[in-house]
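These are the residues of each chain, in order.
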Protein chains: 2
Amino acid sequence: MADRVGSGAMSLYWHVDNKEAVFDLALDTVLEYRGPQQKAEPQDWRGEVLHMLEDWRASMLRHPWSASLLPRRALGPNILNRLELLSKTLSAAGVGDADLNAAIWSLWNYVMGATITRASFDFLDADRAAAQQRLTSLSERYPTIESSHLLLDDDWDGAFRKGLGFLLDGLPLR
Amino acid sequence: MADRVGSGAMSLYWHVDNKEAVFDLALDTVLEYRGPQQKAEPQDWRGEVLHMLEDWRASMLRHPWSASLLPRRALGPNILNRLELLSKTLSAAGVGDADLNAAIWSLWNYVMGATITRASFDFLDADRAAAQQRLTSLSERYPTIESSHLLLDDDWDGAFRKGLGFLLDGLPLR
DNA sequence: ACCTGAACACCGTTCAAGT
DNA sequence: ACCTGAACACCGTTCAAGT
């Protein structure tokens, strides 16, 4: 990092407490959200939620280190902004107060899990062909998994959207 | 670890390649699943899924290091066993082949996200009172979050079960 | 106010040598 | 076959000293 900035390695400590602090700053920077580009239809809550969560995931996947980082970091302002926005949207859509928090956390869980999993598969499978091979032979002993190609299907984006749809379908609206 | 076994630190390297290998072994050991204790009603697919996923989460929370570890690890036999079981149960419950993988991954995502988040909040909030204080002041600038007590509600188990219910409700059955 | 190099503590691993 | 200590590389951080 000091190289990138063109300074001595120790100079950084003047500006920042320690490594952890750098992580906090970097993470929250990645997670800035500017909202949907054109003003959306006021009634399209599904579209709004979908857009925000897909952007969330995409932002993190652009910086794969951020995925493994998020869980252990403090809640920065940009994360809280997203949660606030999510709250408002869901509430307006008709999710009752008694269900609101559970709904938000379930969406959070879903995005976190999907993003972290996706990012780490990228790491593991740097060598695409070898990975296919490995997963195929792994599958052999698990018939249902094998026949559905659970481990071989690599339409991650599609799976993300589809599963998110299931979850949104399950949210109880007033 | 060498202390625990009562050997010199370097002796470990005879039995195991390196640190990573130890992690792989430890993780898969944690995730062993014995199935529901008493033979469940054959038709109670929801109960079966719920039991397996709650056990999954509980197993990992018993060893909080495992949560942050899972994403970057290889898929061990015990994990695959769980996925296989999940496949079979959902399929039998009536989830169509075209939806099956998305359904499985969405449950996986949910469990991963919930467990990792929960485990790391425990780490961060070693000091309960200070954490409450910190979260309260954080909430101030986010009215919807504040009024719903999103950050202060600590019924994690309840939220997990409830959100999981939403997701299961949203799965399309034939 | 801002930058720097020397020094230290910590930790994963290698290797040659033991039994 | 199994264990060990010495040694090394790596990295986050402290501190006293510079401008």
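Our structure is the block above this text.
In short, a report on the structure. Treat the numbers as computed from the prediction; the structure is a model and nothing was measured.

### Considering the overall build of chain A
Then comes step 1: Secondary structure assignment for chain A yields 10 helices and zero strands.
Then comes step 2: N-terminal to C-terminal, the α/β element order of chain A is α-α-α-α-α-α-α-α-α-α.
Then comes step 3: Whereas a compact globule of 174 residues would reach a radius of gyration of roughly 16 Å, chain A reaches 20 Å, over 25% beyond that.
Then comes step 4: The principal-axis extents of the C-alpha atoms in chain A amount to approximately 55 × 50 × 30 Å.
Then comes step 5: When each of the 174 residues of chain A is scored for burial, the buried share is 45%.
Then comes step 6: Here the contacts in chain A between residues at least 6 apart in sequence split such that 73% fall between residues at least 24 apart.
Then comes step 7: For chain A, the exposed surface amounts to about 9300 Å²; the carbon and sulfur share of it is 53%.

### Points about the nonpolar core
Then comes step 1: Among the nonpolar cores identified, the biggest contains 90 residues, and A:W56, A:L90, B:W56 and B:L90 are the most heavily contacted of them.
Then comes step 2: Ignoring sequence-local partners within four residues, the contact set of A:L90 consists of A:W45, A:V49, A:V95, A:L100, A:A103, A:I104, A:L107 and A:L171.

### A word on the packing of helix α4 (residues 45-61) of chain A against helix α10 (residues 156-170) of chain A
All names here are of chain A.
Then comes step 1: The interhelical angle for the contact between α4 and α10, taken along N-to-C directions, is 140 degrees, at an axis separation of 11 Å. Put simply, α4 runs oblique to α10. Crossing handedness for the pair α4 and α10: right-handed. Mapping the contact onto sequence places W45, R46, V49, L50, L53, E54 and R57 in α4 and W156, D157, F160, R161, L164, G165, L168 and D169 in α10.
Then comes step 2: Residues belonging to the contact of α4 with α10 are distributed by class as follows: eight nonpolar, one polar and six charged.

### Quick look at the protein's contact with DNA strand C
Then comes step 1: If you check the shell around DNA strand C, you find A:S7, A:G8, A:M10, A:S11, A:W14, A:H15, B:M10, B:Y13, B:N18 and B:K19 and nothing else.
Then comes step 2: Backbone atoms, meaning sugar and phosphate, form 54% of the atoms of DNA strand C found within 4 Å of the protein.
Then comes step 3: Separating a phosphate oxygen of DNA strand C from a side-chain N or O atom of A:H15 is a distance of 2.5 Å.
Then comes step 4: B:K19 has a polar backbone atom sitting 3.1 Å from a phosphate oxygen of DNA strand C.
Then comes step 5: Residue composition of the surface near DNA strand C, grouped by class: four nonpolar, five polar and one charged.

### Focus on the relation of the copies chain B and chain A
Then comes step 1: In the superposition of chain B on chain A (RMSD 0.1 Å, axial shift 0.0 Å), the rotation amounts to 180 degrees. What we have between these two chains is a two-fold relation.

Rules and cut-offs
Residues numbered from 1 in each chain as written. Chains lettered and ligands numbered in written order. Predicted model: local features only at pLDDT ≥ 70, side-chain atom pairs only at ≥ 80, totals over all residues. Heavy atoms only, no water. Helix = DSSP H or I, 4+ residues; strand = E, 2+ residues; numbered from the N terminus. Rg over C-alpha atoms; globule rule 2.2 N^0.38 Å. Buried < 20%, exposed > 50% of the residue type's maximum accessible area, 1.4 Å probe, protein only. Contact = heavy atoms within 4.5 Å. Areas by Shrake-Rupley, 256 points an atom, 1.4 Å probe, with all protein chains shown as cover. Core = buried A, V, L, I, M, F, W, Y, C linked by side-chain atoms within 4.5 Å. Axes fitted to C-alpha atoms, helices over the stretch in contact; angles between N-to-C directions. Parallel < 35°, antiparallel > 145°, perpendicular 65-115°, else oblique. Left-handed = near helix turned anticlockwise from the far one by under 90°. Nonpolar A, V, L, I, M, F, W, Y, C, P; charged D, E, K, R; others polar. Near = heavy atom within 4 Å. Polar contact = N/O pair within 3.5 Å; in protein donor to acceptor, adjacent residues only side chain to side chain. Least-squares fit on C-alpha atoms with pLDDT ≥ 70 in both.

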